[in-house]
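Report on the structure
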Number of protein chains: 2
Amino acid sequence: MLKLDHIEEMLEKALEEKDVKKIRSISKEFQFVDFAEAMEQFESKKVLKIFRLLELEEAAEIFTYLDSEHQEYIIEAFTNTEIQEILDELYTDDIIDLIDEMPSEVVKKILKATTKDVRKELNNILKYKEHTAGAIMSINFTELKADNTVEMAIKAIKRRHDDYDEIDDLFIIDEHNKLLGWIELKQLLINSPKTKLGTVMNSKIVNVNVEMDQEEVANYFKRYDINTLPVVNKNQQLVGIITVDDVIDVLVEESTEDIQNFAGIDADDVESDYFETSIFKMYKSRVVWLSILLLIGVITHVIMLLMFNLVEGLKDLPSGKEVIMMIPILIVLAGVSGNIANQSSLMMIRSLALNQVHKKEIKTIFGKELLVGFLLGITLAFINVIRLLIIYAVQEGGTINHSEWMVILFSTLGILVVVMLANLLGILLPLLLKKIKKDPTIASSPLITSLVDILCVLVFIGFALIIV
Amino acid sequence: MLKLDHIEEMLEKALEEKDVKKIRSISKEFQFVDFAEAMEQFESKKVLKIFRLLELEEAAEIFTYLDSEHQEYIIEAFTNTEIQEILDELYTDDIIDLIDEMPSEVVKKILKATTKDVRKELNNILKYKEHTAGAIMSINFTELKADNTVEMAIKAIKRRHDDYDEIDDLFIIDEHNKLLGWIELKQLLINSPKTKLGTVMNSKIVNVNVEMDQEEVANYFKRYDINTLPVVNKNQQLVGIITVDDVIDVLVEESTEDIQNFAGIDADDVESDYFETSIFKMYKSRVVWLSILLLIGVITHVIMLLMFNLVEGLKDLPSGKEVIMMIPILIVLAGVSGNIANQSSLMMIRSLALNQVHKKEIKTIFGKELLVGFLLGITLAFINVIRLLIIYAVQEGGTINHSEWMVILFSTLGILVVVMLANLLGILLPLLLKKIKKDPTIASSPLITSLVDILCVLVFIGFALIIV
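All values reported here derive from a predicted model rather than from experimental measurement.

What counts, and at which threshold
- Numbers given to residues run from 1 along each chain, matching the order in which its sequence is written.
- Labels are handed out in written order, letters beginning with A for the chains and numbers beginning with 1 for the ligands.
- For this predicted model, a pLDDT threshold of at least 70 governs which residues receive local features, and a threshold of 80 or more governs which side-chain atom pairs are given and counted, while totals over whole chains, interfaces and linings are taken from all residues.
- Excluding hydrogens and water, the side-chain figures rest on all heavy atoms present in the structure.
- Under the DSSP-based scheme used, a helix requires at least four consecutive residues in state H or I and a strand at least two consecutive residues in state E, with every element numbered from the N terminus.
- As a reference, a globule follows 2.2 Å times the number of residues to the power 0.38, and the radius of gyration itself is taken over C-alpha atoms.
- Each residue gets one of three labels from its accessible area relative to the maximum for its type: buried under 20%, exposed over 50%, partly exposed in between, using a 1.4 Å probe on protein chains only.
- Should any heavy atoms of two residues lie within 4.5 Å, those residues are considered in contact.
- By buried area we mean how much accessible surface two parts lose on assembly, using a 1.4 Å probe and totalling the loss over both.
- Salt bridges are defined as contacts in which a side-chain nitrogen from Lys or Arg sits within 4 Å of a carboxyl oxygen from Asp or Glu.
- The term nonpolar core refers to a set of buried residues drawn from Ala, Val, Leu, Ile, Met, Phe, Trp, Tyr and Cys, joined through side-chain atoms within 4.5 Å.
- UniProt positions are given in the numbering used here, feature names are shortened, and annotations may be inferred rather than shown by experiment.
- The convention used is that axes are lines fitted to C-alpha atoms, helices contributing only their stretch in contact, and that angles between N-to-C directions extend from 0 to 180 degrees.
- Should an angle fall under 35 degrees it is called roughly parallel, over 145 degrees roughly antiparallel, and 65 to 115 degrees roughly perpendicular, with every other angle called oblique.
- Crossing handedness follows the turn of the near helix against the far one: under a right angle anticlockwise gives a left-handed crossing, and clockwise gives a right-handed one.
- Gly counts as polar in this scheme, as do all residues outside two lists: the nonpolar Ala, Val, Leu, Ile, Met, Phe, Trp, Tyr, Cys and Pro, and the charged Asp, Glu, Lys and Arg.
- Only residues with pLDDT of at least 70 in both copies count here: their C-alpha atoms drive the least-squares fit that superposes the copies.
- A pair of strands is considered paired only if DSSP assigns at least 2 bridges between the two.
- Domain ranges listed in this record stem from an automatic or a database domain assignment.
- For patches, a residue must show more than 30% relative accessible area and have no salt bridge; joins then use 9 Å for like charges and 5 Å for nonpolar side chains, namely Val, Leu, Ile, Met, Phe, Trp and Tyr.
- Residue burial considers only the protein chains on display, and all accessible areas are found by Shrake-Rupley using a 1.4 Å probe.
- Positive charges are assigned to Lys and Arg, negative charges to Asp and Glu, while His and the chain termini are left out of the count.
- Taken as the charge location is NZ of Lys, CZ of Arg, CG of Asp or CD of Glu.
- Cysteine sulfur atoms are paired as a disulfide whenever they fall within 2.5 Å.

1. Re the overall build of chain A
The secondary structure content of chain A amounts to 22 helices and six strands. On C-alpha atoms alone, chain A measures out to a radius of gyration of 29 Å, which is more than a quarter above the 23 Å that the 2.2 N^0.38 rule sets for 468 residues. For chain A, the C-alpha atoms occupy an extent of roughly 100 × 60 × 40 Å along the three principal directions. Classification of the 468 residues of chain A by burial places 57% in the buried group.

2. Side note on the interface of chain B and chain A
Between chain B and chain A, the contact holds 101 residues from the first and 101 residues from the second. Carbon and sulfur atoms make up 69% of the surface buried where chain B meets chain A, a total of about 8,700 Å² over both sides. On inspection of chain B and its partner chain A, the count reaches four salt bridges. Between E37(A) and R223(B) there is a salt bridge, and its shortest N-O distance comes to 3.1 Å. The dominant element in the side of chain B that touches chain A, judged by the number of residues it contributes, is helix α19 (residues 321-353) of chain B, at 14 residues.

3. Observations regarding the nonpolar core
All names here are of chain B. Counting 147 residues, the largest nonpolar core has M326 and Y392 as its most contacted members. Beyond its immediate sequence surroundings of up to four residues, M326 is in contact with V407, F410, S411, F460, F463, A464 and I467. Membership of the second largest hydrophobic core comes to 90 residues, among which are I83, I99, V208 and V210.

4. Thoughts on the UniProt feature "transmembrane region" (unreviewed entry) in chain A
Residues and elements named next belong to chain A. According to UniProt, the positions carrying the feature "transmembrane region" (unreviewed entry) are residues 287-311, 323-341, 370-393, 405-433 and 445-467. Along residues 370-393 one finds 100% helix and 0% strand; the C-alpha atoms at either end are 34 Å apart. Regarding residues 445-467, the helix share stands at 100% and the strand share at 0%, and the terminal C-alpha atoms are separated by 32 Å.

5. Quick look at the packing of helix α20 (residues 362-396) of chain A against helix α21 (residues 402-435) of chain A
Residues and elements named next belong to chain A. Where α20 contacts α21, the two axes come as close as 8 Å, and the packing angle between them is 150°. By the criterion of interaxial angle, the relationship of α20 to α21 is roughly antiparallel. The two elements α20 and α21 meet at a crossing, and its hand is right-handed. Of the residues belonging to the contact of α20 with α21, the class tally is 25 nonpolar, seven polar and three charged.

6. Some remarks on the relation of the copies chain B and chain A
When chain B is fitted to chain A, the residual RMSD is 0.1 Å, and the transformation amounts to a turn of 180° plus an axial shift of 0.0 Å. The operation mapping one copy onto its partner corresponds to a two-fold rotation axis. Taken together, the interface assignments show that 100% of the residues at the interface of chain B recur at the interface of chain A, consistent with an identical surface on both copies.

7. Quick look at the sheet that holds strand β1 (residues 143-145) of chain A
Residues and elements named next belong to chain A. Ordered in space as β1-β2-β3, the three strands form an open sheet in which the pairing is mixed. Strands with a single pairing partner mark the edges of an open sheet, and in this sheet they are β1 and β3 (179-184). For this sheet the average axis-to-axis angle between neighbouring strands, irrespective of direction, equals 40°.

8. Quick look at the domain arrangement of chain A
Domain boundaries in chain A define domain 1 (2-127), domain 2 (143-243) and domain 3 (263-467). Using C-alpha coordinates to define each centre, domain 1 of chain A is positioned 43 Å away from domain 3 of chain A.

9. Describing the side chain of T195(A)
Residues and elements named next belong to chain A. Here T195 shows up in the loop between α13 (186-190) and α14 (197-200). Residue T195 is classed as buried on the basis of its relative accessible area, which comes to 16%. With residues up to four places along the chain from it excluded, the contact list for T195 reads N148, T149, V150 and V200.

10. Describing the UniProt feature "domain: CBS" (unreviewed entry) in chain A
Residues annotated by UniProt as "domain: CBS" (unreviewed entry) correspond here to residues 201-257 of chain A. In residues 201-257 of chain A, the share of helix is 44% and the share of strand is 23%. The end C-alpha atoms are 39 Å apart.

11. Here we look at the pattern of salt bridges
For the structure shown, the criterion picks out 16 salt bridges over all chains. Ionic pairing is found between E55(A) and K28(A), a salt bridge with its closest N-O pair at 2.5 Å. Residue E55(A) is located in the loop between α4 (44-53) and α5 (56-65), and its partner K28(A) is located in helix α2 (residues 20-29); the two are separated by 27 residues in the primary sequence. Ionic pairing is found between E369(B) and R286(B), a salt bridge with its closest N-O pair at 3.4 Å. A residue pair is termed long-range when its members are at least 10 positions apart, and E369(B) in helix α20 (residues 362-396) and R286(B) in helix α17 (residues 279-310) qualify at 83 residues. The class for E369(B) is buried, based on a relative accessible area of 1%. On the basis of relative accessibility, which here comes to 0%, the residue R286(B) falls in the buried class. In this structure, a network of salt bridges that share partners links the residues D34(A), E37(A) and R223(B).

12. Here's the deal with the side chain of E37(B)
Structurally, the position occupied by E37(B) is in helix α3 (residues 32-40). The class for E37(B) is buried, based on a relative accessible area of 17%.

13. A short note on a positive patch on the surface
All names here are of chain A. There is a patch of like positive charges on the surface, built from K155, K158, R159 and R160. For K155, the location among the structural elements is in helix α12 (residues 150-160). For K155, a relative accessible area of 56% corresponds to the exposed category.

14. A word on the environment of N309(A)
When you line up the elements, N309(A) lands in helix α17 (residues 279-310). Residue classification places N309(A) among the partly exposed positions, given a relative accessible area of 37%.

15. Here's the deal with the packing of helix α19 (residues 321-353) of chain A against α20(A)
Residues and elements named next belong to chain A. Packing of α19 against α20 leaves a shortest axis separation of 12 Å and a crossing angle of 155°. If you check the angle between α19 and α20, you find them roughly antiparallel. For the pair α19 and α20, the sense of crossing is right-handed. Seen from α19, the contacting residues are M325, I329, V332, V336, I340, S344 and M348; seen from α20, they are I365, E369, L380, N384, R387, L388 and Y392. Along the lines of polarity and charge, the residues of the contact of α19 with α20 split into ten nonpolar, two polar and two charged.

16. Remarks on the state of the cysteines
All chains considered together, the criterion is met by zero disulfides over all chains. C456(A) carries a free sulfur, and the closest cysteine sulfur to it, the one in C456(B), is 15 Å from it. On the accessibility criterion, C456(B) (0% relative accessible area) is buried.

17. Observations concerning the environment of P446(B)
Assignment of secondary structure puts P446(B) in helix α22 (residues 445-467). P446(B) gets classed as buried once you look at its relative accessible area, which sits at 0%. P446(B) sits 104 residues away from N342(B) along the chain, and the two C-alpha atoms are 9.6 Å apart. Here P446(B) is in contact with F262(A), A263(A), G264(A), W289(A), L293(A) and N339(A), once residues within four sequence places are set aside.

18. A short note on a negative patch on the surface
Together, D225(A), E69(B), D97(B), D100(B), E101(B), E130(B), D249(B), E253(B), D266(B), D268(B) and E276(B) make up a negatively charged patch on the protein surface. Broken down by secondary-structure element, the contributors of at least two residues to the negative patch are α8 (92-101) and α16 (244-262) of chain B. With three residues, α8(B) is the single largest residue contributor to the negative patch. Residue position: D100(B) is located in helix α8.

Structure representation (structure tokens):
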């Protein structure tokens with residue numbers, strides 16, 4: 001991202017020279033999202049300083065692209081009047097996004113700064129459940145009537161075009177706000193001023209209900225190749241529109257969630273950006289399925305024990321019993337740690353694909369994953385102790401002998417070591433592939449499984465040899 | 001999909017009654033993609049019959065939504081004049097999509113039916129590598145000059161709006177075709193007729209090079225919230241545009257590919273639709289990584305053997321030796337079959353998410369996966385024989401004893417059984433979850449690993465008990 005470094009440098013210089021004009025011209029020259037990202041590289045105080053120097057229109061646009069941490073910092077530092085000015089420039093769906101991310105005191109401050117009308121609009125959207133059409137729709141659209149003429153439509157657009165989120169498609173409603181049809185904006189150019197909209201409108205319309213799930217909404221865009229999708233309530237009244245650019249975010253979000261869910265990561269716990277998710281949430285999102293896997297492992301373990309018991313030669317081994325006892329644990333652990341490495345590598349691959357990882361953050365990732373791995377390891381080690389205690393106690397009728405204590409001790413230690421190493425391996429592999437300019441998805445599940453298997457065997461049988 | 005059944009029924013009835021008017025009115029009433037999908041449910045002859053009855057404009061639109069099998073059938077049945085009429089209605093990027101999917105004789109027939117101009121345009125696009133901006137762009141856009149007036153722009157649109165793929169954003173070029181800026185269509189409505197486009201255009205422009213990878217292109221749309229992206233050559237000359245609806249397909253395609261690659265499925269072999277991929281291709285896409293996994297398993301195997309040799313009690317077992325010998329194979333197989341189940345469940349989950357699976361096709365899926373599983377099983381069983389022969393031969397200095405032959409035989413049989421069962425399990429689990437109205441992604445990797453582990457242990461130790 002050479003461009004970002006370039007913007008950062010220019011801003012740094014302009015700030016040093018207190019060149020307000022230069023800063024404003026930079027904000028006008030580059031894409032807002034690039035400007036926002038370059039700005040985020042500075043410390044918060046400097047961000048605020050630059051932000052205060054921008055002209056209102058650019059400031060508002062750039063504000064929507066800042067990460068929530070910086071947005072919060074700015075809102076807290078701003079006076080009510082300053083916030084009000086920014087909010088006036090934003091579309092309601094941007095304000096909703098903002099409210100979703102902020103802590104409650106900051107939300108209060110935001111709501112206080114909005115006008116009564118906007119507040120009413122916001123409440124109208126906020127009443128819809130998360131991830132539904134209602135929650136992602138925009139209400140900045142214009143209603144036209146079938147008996148309006150082209151001329152009247154053009155006048156309406158001239159009057160209100162700044163308030164519209166999107167006007168490439170126009171929607172026609174009847175006197176009860178019921179959706180009748182739509183016309184493309186170009187129809188206003190092609191047809192004569194006196195033409196009634198009803199005569200040129202397209203009444204073959206695709207629309208969705210406010211309560212439809214956002215994934216389903218995204219499927220509509222995919223299936224019907226549309227740019228704007230009208231949202232209606234149960235009385236078929238037009239209440240909002242969803243634009244295709246919002247749906248792109250939904251699509252990316254939904255595939256990330258599918259991937260995470262599949263890897264046994266609870267997507268609800270994880271923010272869409274890796275770095276915005278706390279260590280505890282990261283741990284929480286992963287621990288449930290891994291624990292279940294270890295617990296279902298009891299079945300595998302018991303089946304193996306029963307089968308081993310059927311074999312004369314294995315029942316009364318002169319020595320090396322502990323190695324045999326380690327094996328059912330090893331099988332289950334190979335599965336668990338394969339999944340752990342898959343989880344961390346999938347997260348890394350996804351972050352790389354979404355361009356979220358920059359060089360200086362690799363250290364952060366390592367520290368974070370080391371801790372997450374440790375927490376996962378401790379939890380799984382604990383579960384392992386409990387499940388082995390129960391298995392052995394049942395097997396021996398209440399007592400646990402020396403060999404069994406040793407197996408419990410070393411297998412538990414082994415789990416801690418393997419889990420942490422597997423977790424780091426999952427991170428390392430895609431980064432390494434990226435570094436040598438290969439596609440990180442080559443760090444595929446089969447490759448990870450192979451490496452983790454070797455790791456497990458080395459650590460486990462190694463420990464077993466100590467006991468023997 | 002109640003609507004599809006409804007359309008199908010109506011068509012069936014209209015066809016029986018030979019009611020051409022009715023068929024035409026159905027094609028006008030419903031979305032083309034729905035009509036096409038409903039039509040596909042009929043046998044090919046009937047599809048052709050319905051298709052011939054449609055009016056040209058609807059026929060052309062519906063044609064683009066048909067699957068490639070039906071498209072091929074129609075083109076083969078049509079006369080050159082008929083094809084020419086259809087092609088005249090299509091945008092060049094739709095013709096390109098068509099050419100990409102058809103066998104070479106059909107492509108010849110298509111190219112023969114196009115005019116010289118269109119052929120030139122097609123060649124212009126076809127020269128770009130697959131998956132680049134050039135390959136997915138549309139060349140149906142209009143060039144405007146900075147000193148054109150709003151009035152002239154409107155005239156140009158009136159004249160050529162039927163040839164445009166997208167005109168919500170208009171692009172301004174200089175006399176050397178270099179891209180200077182863009183204006184939103186609404187600017188033509190807001191500004192007076194005599195306004196020069198150069199004075200209202202936005203020169204802060206996002207554009208991409210023809211050679212940019214389509215994934216990167218999709219990232220541009222995501223990052224910059226745009227609806228139309230101009231594509232330039234290395235001289236900054238405007239050569240095409242990419243519209244956001246095309247990018248939605250790219251986004252979906254790319255995440256599917258990422259998921260497939262991660263699961264060790266070669267995405268290049270697999271068509272985007274499950275049912276369009278042949279059994280052999282399905283097998284080919286999966287066998288490579290699985291074989292590698294089994295081969296890397298030799299390392300795991302050898303490490304375990306070496307470690308077992310260090311333990312006095314395991315070296316000279318009175319009986320049950322075969323069980324111990326099965327264990328390194330079991331560990332590797334648990335990994336392999338876990339991956340196999342992951343692969344098939346990921347494919348199924350993805351097909352379900354993309355709405356590709358309908359009720360009557362579940363039988364097809366089962367038959368297909370049974371065969372793919374068998375082919376994979378046979379291949380892996382063969383590799384297993386070879387690797388065990390080598391391992392044992394090296395260990396024993398050239399000879400292979402009775403126990404070893406038995407282990408080779410039963411572990412190989414075991415692999416065949418486990419691989420086929422694991423493959424079916426991966427298909428069954430998501431379908432079952434869907435059936436009981438749960439999210440199929442709960443069929444997560446940890447759950448599959450647990451179940452496959454149990455399966456492996458049961459089959460393997462079961463076989464070992466037979467030998468002992």
